[in-house]
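The chain contents come next:
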Amino acid sequence: MQYAKYRSNNNVVFNCRYHVVFCPKRRKKVLIGNIAIRLKEIIEKICDEINVILLAIEVMPDHIHLALSVDPQFLSAT
């Protein structure tokens, strides 16, 4: 997928990207098989619902890497 370098809304032009790492408790290797597939689907659905662009996702057995593009006004509204 190709995304524009900058995004905008009514008030600002922005390029806010975040690298998020999610780890299960004690980094147990539980994110495998159907669990990994379902988790990926859930994360994609939530990103669509809250208007966050999921740039990349990598599910490892003991952690997940997410690259996200987020509207800066969204962060201040939470």
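Details of the structure are given in the entry above.
Throughout what follows, the structure given in this document is the object of discussion. What you see is a predicted model, and the numbers here were worked out from it, not measured in a lab.

**With respect to the side chain of Asp62**
No. 1: Secondary-structure assignment places Asp62 in the loop between strand S4 (53-59) and strand S5 (64-69).
No. 2: Its relative accessible area of 12% is what places Asp62 among the buried residues.
No. 3: Engagement of the side chain of Asp62 in a polar contact is seen with the side chain of His63, the distance being 2.8 Å.
No. 4: Among residues more than four places away in sequence, those in contact with Asp62 are Cys23, Pro24, Arg27, Lys28, Lys29 and Leu31.

**Concerning unusual backbone geometry**
No. 1: One non-glycine residue, Arg26, lies in positive phi territory at about 60°.
No. 2: Its place among the elements puts Arg26 in the loop between strand S3 (17-22) and helix H1 (33-49).
No. 3: One non-glycine residue, Asn51, lies in the positive phi region at around 60°.
No. 4: Tracing the backbone shows Asn51 in the loop between H1 and S4.

**Observations concerning the side chain of His63**
No. 1: Relative to the helices and strands, His63 is located in the loop between S4 and S5.
No. 2: Judged by its relative accessible area of 12%, His63 falls in the buried class.
No. 3: Ignoring sequence-local partners within four residues, the contact set of His63 consists of Val21, Phe22, Cys23, Pro24, Arg27, Leu31 and Glu58.

The rules behind each value
Residues numbered from 1 in each chain as written. Predicted model: local features only at pLDDT ≥ 70, side-chain atom pairs only at ≥ 80, totals over all residues. Heavy atoms only, no water. Helix = DSSP H or I, 4+ residues; strand = E, 2+ residues; numbered from the N terminus. Buried < 20%, exposed > 50% of the residue type's maximum accessible area, 1.4 Å probe, protein only. Polar contact = N/O pair within 3.5 Å; in protein donor to acceptor, adjacent residues only side chain to side chain. Contact = heavy atoms within 4.5 Å.

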